[in-house]
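Each chain, written out:
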Amino acid sequence: MTIVDRFFTDFDRFRGNIHSSELVLWLLAELAHQKTGKPRELLPIFSQQHFRPSFSEDVKELSRIVAPIIEISEIQILELLDKLSVQSSSRGFDLWVRLDSAKKIAEFAEGARDVRCSFGPSTLPAVLVSLARYDKKVRFVSKSRSEAELMNLMSMVFDLNVDIVEQDPFLREDGPPADFELSMPPFNMLYQNLQDVPQSILRRLGLEKGKARVTGEVLALEDALENKSRRQAVLVAPGTLFRNVGVEKAARGDLLYSGRLHSVLRIPSGMAFEGTAITSSLLILDGAQRETASLSSVRFVDLQDTHFSIARERGRYEVRPEASWVEAVDAATVAGEAWARDVSIPEIEERGGVLTPDRFFAADTEDEVSKLCAGMETFALSDLAEIIRPAPLLKDEDGEFLAREAAAAEIDESGFVLQPSRASRLGQGGLTKAADQRLAAGDVVLAVKGTIGAVGLVPEDAPAAASGEIWVPGQSLVALRIRKGVRLKPVTLFEILSSDVMRDYIKSLATGSAVQTLSIKDVKALKIPVPSLSDQSQIEESFWARQNLYAQIRALREAVENARNAWPYRI
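Residues numbered from 1 in each chain as written. Predicted model: local features only at pLDDT ≥ 70, side-chain atom pairs only at ≥ 80, totals over all residues. Heavy atoms only, no water.

Before going further, it helps to spend a moment on the overall build of the protein chain. The number of helices and strands found in the protein chain is 21 helices and 22 strands. In the protein chain, which comprises 571 residues, the share counted as buried stands at 53%. Considering only intrachain contacts with a sequence separation of at least 6, the fraction spanning at least 24 residues in the protein chain is 71%. Total accessible area computed for the protein chain in this model is approximately 26,200 Å², and 49% of it derives from carbon and sulfur atoms. (Helix = DSSP H or I, 4+ residues; strand = E, 2+ residues; numbered from the N terminus. Buried < 20%, exposed > 50% of the residue type's maximum accessible area, 1.4 Å probe, protein only. Contact = heavy atoms within 4.5 Å. Areas by Shrake-Rupley, 256 points an atom, 1.4 Å probe, with all protein chains shown as cover.)

What follows is the structure, encoded as structure tokens:
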């Protein structure tokens, strides 16, 4: 049994003595004590715990377990810490970037004269950079006392040449911009009081000093633009790249028009942080504008591609060690590569200024859509159909009318919308207000939230307006009603939107992290071919022939169920 294997065997027995979120901190603190001789009571994690009645016994056992690993190499200790952090990350220890990803991020600092790393999640990349640069200091800046203490423990364990500055990184009082800067603010960390944020950053966002809801990621982008380095890297959650409310859109505009945004690297679920399923993005900025903003391009790199990653369990990914992220960013050309695409600023603007990488890896799907539309007149969906968006219902428990809200889950395998199960009572006022959202026979519904691209057709037996019951689209759907005078039949629209080609294309337009969302702007802009009337008649014949097959399938299923419930199987 190796030293590391023996450690985990012994440590597993010790786990119950301390909270799982503190396992890594306790281990680091004991390592720091044994390597430097500094009294345990003066170390951050122990200073919080040494008054516990069981403290002496816990420390005695921990000391015995840790002692053998003092002799293993620095990289082996990091690998041990990484394994332990992965085991505990979903239960509270969320500062640890997985070691393989941290190595790839740290490689962007190679050749830099000096390096600045900001916020707690940059801890491990900062350690790796410092280990590779024994003769040069690394600056680590964080406004969090616990994050500064964590880096202090790391410095003691690995004998790092690092300056630790406990201060908000945006204040920039720790020195001039470094040659390479890495900023990794915790995802969606809100700055509600902007009194301490530099005016230069606030002016970029059109904000006055005071209170506002601004994420650290937005401020990090503006800070990078304000404080130029030879190269900068900023890690952000997906919302920063697609959200069109608040200041995210303004920050993306500043980034694009600066001409300094070089690359956006898509980091798939679980590759950077074990404890979250969020797909993050690493933005690489150059120190100087490469070209005029109208001519420059941005390189999008998909690290989920098999060139860079290996699929793990539960949809997670791990780094392929031999693939270089730096080389992918710095390669002169990526033409023909499935994992990267250089996109011009005008094309990004045409797509609404969204920087979500998924949006730009749909080239093959777009080609298929073009083939689908070939030889036919093509129109924007909004020119062909009225787009009916969901609206809150004015509910009345004593109301005499019934409103049923359709959901994507209620689209039958045949494509028809089943009777919605979610029902609310409405009074006359509520019915009048909901009239514009009423689903009518022949309407097509499209899922724009959650199950993106699910398509349904409202059946002929949907309740009429005078029946006292109405169906309306739920919050995840929009309804599409063919405009008067348009020579497109509802069944044809349903068949086009539910085709594999269109559904794949629609999914590629979705944005979001936990819940995928399709913007109404993208729905309106969908290109829809309009076949000849004779072709549409054939499409309808094929559709109804398929419905007959579904009816036979339902009849067979019912017969099977009846046979199963008959004697001797019925007990």
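Right, picking up where we left off after that structure.
So, on to the sheet that holds strand E20 (residues 469-473). Strand order in the open sheet formed by three strands is E17-E16-E20, and the pairing between neighbours is mixed. The strands lining the two open edges of the sheet, one partner per strand, are strand E17 (422-426) and E20. When the angles between neighbouring strand axes are averaged without regard to direction, this sheet yields 30 degrees. By the bridge criterion, five bridges tie strand E16 (residues 401-406) to E17 in an arrangement that is antiparallel. (Pairing = 2+ DSSP bridges. Axes fitted to C-alpha atoms, helices over the stretch in contact; angles between N-to-C directions.)

Of the voids in this model, the largest pocket is the one considered here, and its volume is about 760 Å³. Lining the largest pocket are 26 residues, and of these Arg 351, Arg 359, Tyr 505, Leu 509 and Asp 522 sit closest to its centre. Looking at the lining of the largest pocket, the elements with two or more residues in it are helix H14 (345-350), helix H15 (363-373), helix H19 (500-509) and helix H20 (520-525). Here the lining of the largest pocket takes four residues from H15, the largest share from any one element. Within the lining of the largest pocket, the residues separate by chemical class into nine nonpolar, seven polar and 10 charged. (1 Å grid on protein atoms, 1.4 Å probe; cavity = no way out; pocket = protein on both sides within 12 Å on 5 of 7 lines; lining within 4 Å. Points joined across faces, edges and corners; volume = space filled by probe spheres on them. Nonpolar A, V, L, I, M, F, W, Y, C, P; charged D, E, K, R; others polar.)

The next point concerns empty space enclosed by the protein. Throughout the structure, instances matching the rule amount to two cavities of 30 Å³ or more. Of the voids in this model, the largest cavity is the one considered here, and its volume is about 80 Å³. If you go around the largest cavity, you meet 15 residues; those closest to its centre are Arg 116, Arg 172, Glu 181, Ser 183 and Asp 223. Secondary-structure elements contributing two or more residues to the lining of the largest cavity are strand E1 (115-118), strand E4 (180-183), helix H10 (216-226) and strand E7 (231-236). One number sums up the size of the second largest cavity: a volume of about 40 Å³. In terms of residue class, the lining of the second largest cavity is made up of seven nonpolar, four polar and no charged.

Turning next to the side chain of Ser 499. Here Ser 499 lies in the loop between helix H18 (490-497) and H19. Reaching out from Ser 499, the side chain makes a polar contact with the backbone oxygen of Ile 496 at a distance of 2.7 Å. (Polar contact = N/O pair within 3.5 Å; in protein donor to acceptor, adjacent residues only side chain to side chain.)

Attention now moves to unusual backbone geometry. At Phe 119, a residue that is not glycine, the phi angle is positive and equals roughly 75 degrees. For Phe 119, the location among the structural elements is in the loop between E1 and helix H7 (123-132). Residues other than glycine seldom take positive phi values, yet Arg 172 does so here, at roughly 60 degrees.

Taken as a whole and assessed by the stated rule, the structure comprises 27 salt bridges. Here Arg 113 makes a salt bridge to Asp 179, at a shortest N to O gap of 3.4 Å. Taken together, the residues span a long stretch of sequence, with Arg 113 in the loop between helix H6 (99-106) and E1 and Asp 179 in the loop between strand E3 (162-166) and E4 at a distance of 66 residues. For Asp 179, a relative accessible area of 5% gives the class buried. Between Lys 489 and Glu 540 there is a salt bridge, and its shortest N-O distance comes to 3.6 Å. Taken together, the residues Lys 489 in the loop between strand E21 (477-482) and H18 and Glu 540 in helix H21 (residues 533-565) connect sequence positions 51 residues apart. According to the relative accessible area criterion, Glu 540 is partly exposed, its value standing at 24%. Put simply, Asp 114, Arg 116, Arg 139, Arg 172, Asp 174, Glu 181 and Asp 223 are held in one network by salt bridges that share partners. (Salt bridge = Lys/Arg side-chain N within 4 Å of Asp/Glu carboxyl O.)

So, about H7. With nine of its 10 residues buried, H7 lies for the most part within the structure. Along H7, the residues classified as buried are Thr 123, Leu 124, Pro 125, Ala 126, Val 127, Leu 128, Val 129, Ser 130 and Leu 131.

Phe 158 and Trp 325 are the most contacted members of the largest nonpolar core, which has 78 residues in total. The residues touching Phe 158, leaving out its near neighbours within four places in the chain, are Glu 74, Ile 77, Leu 78, Leu 81, Val 127 and Leu 131. (Core = buried A, V, L, I, M, F, W, Y, C linked by side-chain atoms within 4.5 Å.)

Before going further, it helps to examine the packing of H18 against H21. Packing of H18 against H21 leaves a shortest axis separation of 9 Å and a crossing angle of 75 degrees. Between H18 and H21, the angle is such that the two are roughly perpendicular. Residues Val 491, Thr 492, Phe 494 and Glu 495 of H18 pack against Gln 536, Ile 539, Glu 540, Phe 543 and Arg 546 of H21. Taken together, the residues that form the contact of H18 with H21 break down as four nonpolar, two polar and three charged. (Parallel < 35°, antiparallel > 145°, perpendicular 65-115°, else oblique.)

Sheet architecture is open: nine strands sit in the order E3-E2-E1-E4-E7-E9-E8-E10-E13, paired in mixed fashion. Pairing within the sheet leaves two strands with one partner each, and these edge strands are E3 and strand E13 (340-344). For this sheet, the mean inter-axis angle between neighbouring strands, taken without regard to orientation, is 15 degrees. Sheet topology places strand E10 (residues 297-302) next to E13; five bridges connect them, and they run antiparallel.

Moving on: the packing of aromatic side chains. The full count for this structure, using the stated rule, is 10 aromatic pairs. Look at Phe 308 and Trp 339: their rings are 5.1 Å apart centre to centre, the planes differ by 90 degrees, and that puts the pair in the edge-to-face class. Within this pair, whereas Phe 308 is found in the loop between E10 and strand E11 (309-311), its partner Trp 339 is found in the loop between helix H13 (325-330) and E13, the two being separated by 31 residues in sequence. For Phe 308, a relative accessible area of 1% gives the class buried. Taking relative accessible area as the criterion, Trp 339 reaches 9% and is therefore assigned buried. (Phe/Tyr/Trp six-rings, centres within 6.5 Å; stacked < 30°, edge-to-face > 60°.)

Once that is clear, we can look at helix H12 (residues 248-258). Residues Glu 248, Ala 251, Arg 252, Gly 253, Leu 255, Leu 256 and Ser 258 constitute the buried set of H12. A positive phi of about 75 degrees marks Gly 259, the residue just after H12.

Put simply, H6 and H7 touch, their axes get as near as 9 Å, and they point 60 degrees apart. Judged by the angle between their axes, H6 and H7 are oblique. Remark: the crossing between H6 and H7 carries right-handed chirality. Residues Leu 99, Ala 102, Lys 103, Ile 105 and Ala 106 of H6 touch H7, and the partners they reach there are Leu 124, Pro 125, Leu 128 and Val 129. Here the contact of H6 with H7 is composed, by residue class, of eight nonpolar, no polar and one charged. (Left-handed = near helix turned anticlockwise from the far one by under 90°.)

To continue, consider the environment of Ile 482. With respect to the element layout, Ile 482 can be found in strand E21. Setting aside residues no more than four positions away along its own chain, Ile 482 makes contact with Leu 384, Ala 385, Leu 488, Pro 490 and Leu 493.

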